[in-house]
Amino acid sequence: MPPKLTAAEIEARDAARLNELGYKQELKRELTSLGNYGVALSVVCISSGLTSLYEYGLTTGGPVVMVWGWVIVAFFTMAVALAMAEISSAYPTSGGLYWWAARLSTKKYAPFASWMTGWFNLIGQFAVTAGINYGIASMLAAVISVGTNGTWVPTAGATVGLHIAMCFTQGIANSLGPKVTSAINAFSTWWQVIAPAVIMITMAVKAPTHQPASFVFTKFNNNTGWSSTAYVAVIGILQAQFTLTGYDSSAHMSEETKNAEVSGPVGMVMAVLVSSIMGFCFIIAFLFCIQDLNATINSDTGFPVMQIMFDSVGNAGAICLMVMLIIACWQCGFASVTANSRMIYAFSRDGAIPGHKYWHKIDVKRQTPLNAVWLSVIVASLLGLPSLGNSTAFSAITSVATIGLYISYAVPIFAKLLNRGHFVRGPLHLGRFSDIIGIISIFWISLITILFVLPPKYPVDAVNMNYACLAVGMVLLGAGGRFAIDARKWFTGPKINLPQDKLDKVNLEQDRKGIRGLSSNDIETGDSKEDSRMSSEKSGIEKEQKKEDNDIRVAEIEKIE
């Protein structure tokens, strides 16, 4: 049994591993394994995803789709989380997905794969933060409406104003440094479980009547205008899939996590597992407590969850329970901004974002990428504005968040399946189940990418159209077009940012050769160009000679194999 390492030794090992991957340690490692799990759990946050889309669930398939759709989505989401966790254990960097995409792709396609993965992940994270805070705004509007006995009715303008206010409060909290972030995250880790549990128990006990099991598990409801039951059922799972997103935040917090090779992937998988169990209970509890389905859907509060609480526990009780949910959702938005800012920091560190020199700056006093935090806040705030003129804008935002994130999840998993020899296992891996879980993940992501660009209402018009397809197309054309025009000339994927005197710490070449004892395969990866350049700077060997030496070593390894 290996000797137990001290905290200082673990921190030194984490920093050394980051150096091996080509980066210097700039962020403070404040998060433990529990803390990393807490960030992912907070971003997933069933209190946010399920409540903000509860009306969508009730009208798009109803209880039967909400309950059994959740079970199906949770199963496939766990497969995706396991596939990502395995890669995260091998390569614990804040860049996460786009870094993995470059690492696991061939030399020819690595820059493009990394570029597109990074942009889809970034846009998806912006949309997630916007979706979370628009949901909070709707909750606050519902609380005010109930608190004023219906004399105040929420308008689109008021809801958007509250949305922007929530974004800015989370930006301020994220600007206070890692100790504040860790404290909020520690509280949130427990609150995300305790608050829903207290709410479910209270409502179950106090509700005047309860729906029969046949209603909860078999009732189908369709208010979409579409006549196809199958169509409504498959688009109805958006509620579940939007909720179970954002667990890649564990990877984005890797450079602030102790023992990241283990803590990151464990946090990712545990966040999905706990959220899946709690979410299933949450959906069922609220369905049992519905007093009148039509009245709940058409609630004057504009928020069905608030109506269910009001009918179950009365005015004061509903406000109290809703405040508990709002606190949980605010913490979700806070964690989302945190993770989003780390992605901005990492992606700009590699030169991919316009103004990158500004966005990856670290505030020395607070040890936080403040500029990245506020970029996240401003973009998320702006994404709420379309709701002023489009009733389905929120649904489109959630679709974009789900599609953007899951496309970015798919690329490194797919690259790993195509180029098995590129992957060097970390401490945690899936063994012989790795490929089958990867295949299941790609199948599921391909399916939901198609489903969530479909229109949710019929007849389709300019107001209720699902503009997610337009948004995804804009990302493809924008990011893809930029790459084709000029980024392909200068973006080579993740860059080594170590100072000259520490270049000998970089171990990318050894990783490829499997010297870490985990693989013996060697195939060129997308960072080979950077490796060769750095190696040339260190040793003065001409590039042609370097290539010859690499070819000789590859041939020797293949001969041994």
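Reading the values: the criteria
- Residues numbered from 1 in each chain as written.
- Predicted model: local features only at pLDDT ≥ 70, side-chain atom pairs only at ≥ 80, totals over all residues.
- Heavy atoms only, no water.
- Helix = DSSP H or I, 4+ residues; strand = E, 2+ residues; numbered from the N terminus.
- Contact = heavy atoms within 4.5 Å.
- Areas by Shrake-Rupley, 256 points an atom, 1.4 Å probe, with all protein chains shown as cover.
- Axes fitted to C-alpha atoms, helices over the stretch in contact; angles between N-to-C directions.
- Parallel < 35°, antiparallel > 145°, perpendicular 65-115°, else oblique.
- Left-handed = near helix turned anticlockwise from the far one by under 90°.
- Nonpolar A, V, L, I, M, F, W, Y, C, P; charged D, E, K, R; others polar.
- Patch = residues over 30% accessible without salt bridge, like charges linked within 9 Å, V, L, I, M, F, W, Y side chains within 5 Å.
- Salt bridge = Lys/Arg side-chain N within 4 Å of Asp/Glu carboxyl O.
- Buried < 20%, exposed > 50% of the residue type's maximum accessible area, 1.4 Å probe, protein only.
- Phe/Tyr/Trp six-rings, centres within 6.5 Å; stacked < 30°, edge-to-face > 60°.
- Lys NZ or Arg CZ within 6 Å of the ring centre and 35° of its normal.
- Expected span 1.5 Å × (residues − 1).
- Core = buried A, V, L, I, M, F, W, Y, C linked by side-chain atoms within 4.5 Å.
- Disulfide = S-S within 2.5 Å.

As recorded in an unreviewed UniProt entry, the protein chain goes by the name GABA-specific high-affinity permease, listed as coming from Rhizopus azygosporus.

With that settled, the discussion passes to the overall build of the protein chain. Counting its regular elements, the protein chain contains 24 helices and two strands. When contacts within the protein chain are restricted to residue pairs at least 6 apart in sequence, those whose partners lie at least 24 apart make up 83%. Accessible surface, the protein chain as shown: approximately 21700 Å² in total, 67% of it carbon and sulfur.

Between helix α7 (residues 110–147) and helix α8 (residues 156–174), the least distance of the axes is 8 Å, while the angle of their chain directions is 120°. Put simply, α7 runs oblique to α8. Crossing handedness for the pair α7 and α8: right-handed. Here α7 contributes Ala-130, Asn-133, Tyr-134, Ile-136, Ala-137, Ser-138, Leu-140 and Ala-141 to the contact with α8, which in turn contributes Thr-159, Val-160, Leu-162, His-163, Met-166, Cys-167 and Gln-170. For the contact of α7 with α8, a count of residues per class yields ten nonpolar, five polar and no charged.

Before going further, it helps to spend a moment on a nonpolar patch on the surface. Judged by side-chain polarity, Phe-168, Ile-378, Leu-382, Leu-385 and Leu-388 come together as a nonpolar surface patch covering roughly 440 Å² of accessible area. With respect to the helices, strands and loops of the structure, Leu-382 is situated in helix α18 (residues 370–382).

Attention shifts here to unusual backbone geometry. Cis geometry is adopted by the peptide bond preceding Pro-459, which originates at Tyr-458 and carries an omega value of 0°. As for its placement among the helices and strands, Pro-459 is situated in the loop between α20 (434–451) and α21 (468–490). For Cys-45, which is not glycine, the phi torsion reads 40° and is therefore positive. One can find Cys-45 in the loop between α2 (33–44) and α3 (46–52). Judged by its relative accessible area of 1%, Cys-45 is buried. For Asn-149, which is not a glycine, the phi torsion comes out positive at approximately 55°.

With that settled, the discussion passes to the environment of Trp-99. Examined against the element boundaries, Trp-99 turns out to sit in helix α6 (residues 97–104). Taking the C-alpha atoms as reference points, Trp-99 and Pro-111, twelve residues apart in sequence, are found 9.8 Å from one another.

Our focus in this paragraph is the packing of α7 against helix α19 (residues 393–418). Packing of α7 against α19 leaves a shortest axis separation of 7 Å and a crossing angle of 145°. The interaxial crossing formed by α7 with α19 has left-handed handedness. For the contact of α7 with α19, the class distribution of residues is 16 nonpolar, eight polar and no charged.

In this structure, His-422 sits in the loop between α19 and α20. Residue classification places His-422 among the buried residues on the basis of a relative accessible area of 2%.

On inspection of all chains with the given rule, the structure shows eleven salt bridges. Lys-416 is paired through a salt bridge with Glu-86; the nearest N and O atoms lie 3.3 Å apart. Taken together, the residues span a long stretch of sequence, with Lys-416 in helix α19 and Glu-86 in helix α5 (residues 63–90) at a distance of 330 residues. Each of the two residues, Lys-416 as well as Glu-86, counts as buried. One salt bridge in this structure joins Arg-482 and Asp-486, with 2.8 Å as the shortest N-O distance.

Okay, the side chain of Gln-192 next. Tracing the sequence through the fold places Gln-192 in helix α9 (residues 178–206). Every residue in contact with Gln-192, bar those within four places of it in the chain, is listed here: Leu-41, Ser-42, Cys-45, Ser-47, Ala-328, Gln-331 and Cys-332.

A word on the packing of aromatic side chains. Considering all chains together, one arrives at 26 aromatic pairs under this definition. Ring centres of Phe-112 and Phe-483 lie 5.2 Å apart, and the angle between their planes is 65°; this geometry places the pair in the edge-to-face category. Here Phe-483 lies in helix α21 and Phe-112 lies in helix α7, a separation of 371 residues in the sequence. Among the aromatic residues, ring-to-ring pairing joins Tyr-98, Phe-112, Trp-115, Trp-119, Phe-347, Phe-483, Trp-490 and Phe-491 into one connected group. Positioned above the aromatic ring of Tyr-23, the side-chain terminus of Arg-349 is 3.7 Å from the ring centre. Seen from the ring of Phe-423, Lys-416 lies directly overhead, with NZ or CZ sitting 5.1 Å from the centre.

Taking 1.5 Å per residue, 38 residues should reach 56 Å; α7 reaches 55 Å between its end C-alpha atoms and fits that length. Buried residues dominate α7, accounting for 33 of its 38 residues. Following α7 by one or two positions, Asn-149 adopts a phi angle in the positive range, close to 55°.

Right, let's get into the nonpolar core. If you look at the biggest cluster of nonpolar residues, it comprises 146 residues, and the most contacted ones within it are Tyr-91, Tyr-247, Met-309 and Met-322. Residue contacts for Tyr-91: discarding those within four places in its chain leaves Arg-17, Leu-21, Trp-99, Trp-100, Arg-103, Leu-104, His-422, Phe-423 and Val-424. Judged by nonpolar contacts, the second largest core, of five residues, contains Leu-31, Val-39, Val-43 and Met-253.

Before going further, it helps to examine the environment of Pro-459. By relative accessible area, which is 54% here, Pro-459 ends up exposed. Each C-alpha atom of the pair Pro-459 and Gly-225 lies 6.8 Å from the other, and the pair is 234 residues apart in sequence.

Moving on to the environment of Thr-398. Topologically, Thr-398 is positioned in helix α19. For Thr-398 and Ala-468, which are 70 residues apart along the polypeptide, the C-alpha to C-alpha distance reads 8.5 Å. Those residues within four positions of Thr-398 in sequence are excluded, and the remaining contacts are Leu-53, Leu-238 and Phe-242.

All right, on to the state of the cysteines then. Considering all chains together, one arrives at zero disulfides under this definition. Here Cys-45 stays unpaired: no disulfide links it, and the sulfur of Cys-332, its closest cysteine neighbor, is 4.1 Å away.

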